[in-house]
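Okay, here's what each chain looks like letter by letter:
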Amino acid sequence: MDKRILITGASSDIGHSIALKLGRRNATLGLHYHHNGQAIAALQEQLAEHSCISHRLPYDLTQADNARKMVDEFIDRFGRLDALINVVGPFDYRDLNDVTVDSWHTVIALNLHTCFHVVHFATPYLCQTRGHIINFAFSGAEHIRAWPMSTAYCAAKAGVAVLTKSLAVALAPKRVRVNAVCPGLVEEGATTTVERQSMAAQIPLGRPVRPEEIASTVGWLVYESCESLTGSFIAVSGAWEY
Ligand SMILES: NC(=O)c1ccc[n+]([C@@H]2O[C@H](COP(=O)([O-])OP(=O)(O)OC[C@H]3O[C@@H](n4cnc5c(N)ncnc54)[C@H](OP(=O)(O)O)[C@@H]3O)[C@@H](O)[C@H]2O)c1
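Residues numbered from 1 in each chain as written. Predicted model: local features only at pLDDT ≥ 70, side-chain atom pairs only at ≥ 80, totals over all residues. Heavy atoms only, no water.

*Asks:* Sorry if this is basic, but what is going on with unusual backbone geometry here?
*Replies:* Most peptide bonds take the trans configuration, and most residues that are not glycine carry a negative phi. In this model, R130 sits at a positive phi of 55°, which is unusual for a non-glycine residue. Residue position: R130 is located in the loop between helix 4 (101-129) and strand 5 (132-136). Since its relative accessible area comes to 59%, R130 is described here as exposed. The backbone of A239 shows a phi angle near 70°, a positive value even though the residue is not glycine. Positionally, A239 belongs in the segment after strand 7 (233-236). By relative accessible area, which is 66% here, A239 ends up exposed. (Helix = DSSP H or I, 4+ residues; strand = E, 2+ residues; numbered from the N terminus. Buried < 20%, exposed > 50% of the residue type's maximum accessible area, 1.4 Å probe, protein only.)

*Asks:* Is there a simple way to think about the pairing of strand 2 (residues 28-33) in this case?
*Replies:* Side chains on a regular strand alternate between the two faces of the sheet. Most of strand 2 is tucked away: six of the six residues are buried. The two faces of strand 2 match: T28, G30 and H32 on one face and L29, L31 and Y33 on the other face are all buried. Pairing of strand 1 (residues 4-8) with strand 2, which is carried by four bridges, proceeds in the parallel orientation. Its bridge partner being in strand 2, L6 is matched across the sheet by G30. Handedness of the strand 1-helix 1 (residues 13-23)-strand 2 crossover: right-handed. Judged from the five bridges that link them, strand 2 and strand 3 (residues 54-58) form a sheet pairing that is parallel. The residue bridging G30 from the neighbouring strand is H55, located in strand 3. Traced from strand 2 through helix 2 (residues 37-49) to strand 3, the parallel crossover comes out right-handed. (Pairing = 2+ DSSP bridges. Right-handed = clockwise from strand over helix to strand, strands pointing away.)

*Asks:* In this structure, what is going on with the nonpolar core? I would like to understand it.
*Replies:* Soluble globular proteins: nonpolar side chains tend toward being buried together. Counting 32 residues, the largest nonpolar core has I5, I7, I18, L29, I85 and F136 as the members making the most contacts within it. Put simply, the parts of the chain that give this core at least two residues each are strand 1, helix 1, strand 2, helix 2, strand 4 (83-86), strand 5, helix 7 (211-223) and strand 7. Not counting residues within four places of it along the chain, the set of residues in contact with I7 comprises G15, I18, A19, L22, L29, G30, L31, H32, I85 and V87. Listed in part, the 25 residues of the second largest apolar core include L61, I75, V118 and L167. (Core = buried A, V, L, I, M, F, W, Y, C linked by side-chain atoms within 4.5 Å. Contact = heavy atoms within 4.5 Å.)

*Asks:* Help me understand the packing of helix 4 against helix 5 (residues 151-171) in this model?
*Replies:* Working note: a packed helix pair is described by the angle between its axes plus the distance between those axes. Running from amino to carboxyl end, helix 4 crosses helix 5 at an angle of 15°, the nearest separation of the two axes being 8 Å. Classified by the angle between their axes, helix 4 and helix 5 sit roughly parallel to one another. Seen along the crossing, helix 4 lies across helix 5 with a hand that is right-handed. Contact residues: W104, V107, I108, N111, L112, C115, F116, V119, T123 and C127 in helix 4; T151, A152, Y153, A155, A156, K157, G159, V160, L163, L167 and L171 in helix 5. For the contact of helix 4 with helix 5, the per-class residue count stands at 16 nonpolar, four polar and one charged. (Axes fitted to C-alpha atoms, helices over the stretch in contact; angles between N-to-C directions. Parallel < 35°, antiparallel > 145°, perpendicular 65-115°, else oblique. Left-handed = near helix turned anticlockwise from the far one by under 90°. Nonpolar A, V, L, I, M, F, W, Y, C, P; charged D, E, K, R; others polar.)

*Asks:* I would appreciate a short explanation of helix 1 in the present structure.
*Replies:* Along an α-helix, residues three or four positions apart point the same way, because every turn accommodates 3.6 residues. In terms of residue burial, helix 1 counts as a mostly covered element, since eight of its 11 residues are buried. Three or more residues of helix 1 are buried, namely I14, G15, S17, I18, A19, L20, L22 and G23. Looking at the packing, one finds that the buried side of helix 1 touches strand 1, strand 2, helix 2, strand 4, strand 5 and helix 7.

*Asks:* Can you walk me through the packing of helix 1 against helix 7 in this structure?
*Replies:* The N-to-C vectors of helix 1 and helix 7 enclose an angle of 50°; their axes lie 8 Å apart at closest approach. Looking at the two axes, helix 1 sits oblique to helix 7. Every pair of crossing elements has a handedness; the one defined by helix 1 and helix 7 is right-handed. Facing helix 1, whose interface residues are D13, I14, S17, I18, K21 and L22, helix 7 presents P211, E212, I214, A215, S216, V218, G219 and Y223. Residue composition of the contact of helix 1 with helix 7, grouped by class: eight nonpolar, three polar and three charged.

*Asks:* I tried to follow the packing of aromatic side chains on my own but got confused; where do I start?
*Replies:* Aromatic ring pairs are described here by two measures, namely the spacing of the ring centres and the angle between the planes. In the structure shown here, the tally under the stated rule is eight aromatic pairs. Centre to centre, the rings of F74 and F78 are 5.1 Å apart; their planes meet at 75°, and the pair counts as edge-to-face. Residue F74 and its partner F78 are both found in helix 3 (residues 64-78); the two are separated by four residues, about one turn of the helix. The two residues F74 and F78 agree in class, both being buried. Seen in terms of ring centroids, F138 and Y242 are 5.6 Å apart; in terms of plane orientation they differ by 85°. Their pairing is edge-to-face. On the criterion of sequence distance, the pair formed by F138 in the loop between strand 5 and helix 5 and Y242 in the segment after strand 7 is long-range, its members being 104 residues apart. Take F138: its relative accessible area is 4%, and that puts it in the buried class. Counting every residue linked through ring pairs, the aromatic cluster contains F91, Y93, F138, W147, Y153, W240 and Y242. (Phe/Tyr/Trp six-rings, centres within 6.5 Å; stacked < 30°, edge-to-face > 60°.)

Shown next as structure tokens:
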């Protein structure tokens, strides 16, 4: 039977790549985005070439009620939910001395609250299907380090890591699996910034991660990985930790 999968942040590079990978495997997809409807339209055209059924879901997920509406819309449309891929998680790079109350709240809301909101409303449906939640952290998020140039982002992702482990324990009796993919530095147009160049120079493998590599990992998690693989952080990072 085809899997029915909800991807948040499908308009991002990584979300796009995941959608294409899962679409090619005959999944039926809910494609969440916030503002970038153009990216979703282009993605849906590509998916249609593979006869993949998809449905667009534009929601601001910092608002809990929107997450509820999104999950309800997905279920009304597709009837069940087999996997939730929580991709949304914009990076924030600024000196801790320049962090404002507003920027702190925004970054935590976008990275941690969005994840919890969707999980919260999706979990009852995932319990019905013995489904799978795949969250997104970053390589090394599970270690508490000093990250003075991205403290809010890293604090939020550490929160996602704790949420992932806790959900894995809480939902294991229901046979719902919960894992986190932890990318290293991923290729993107902005690789030219000084900060990204200096990070890229430290990657032991010698290059940033390709979005397709993240997508392949998600595809493997959803379709091939074993039932006991839950509560895990899967680094895809060329052996680099942020
Ligand atoms: N890129 C990297 O090098 C890297 C490294 C480590 C970890 N990661 C993690 O991997 C994941 C994907 O990263 P990415 O760089 O491809 O994309 P990203 O930074 O997560 O892209 C932003 C996504 O968040 C959505 N979004 C923005 N505001 C929102 C809101 N209020 N409500 C709901 N959605 C909202 C955007 O939608 P619209 O564009 O439609 O507005 C877009 O899809 C993230 O969790 C990120 O932290 C990335």
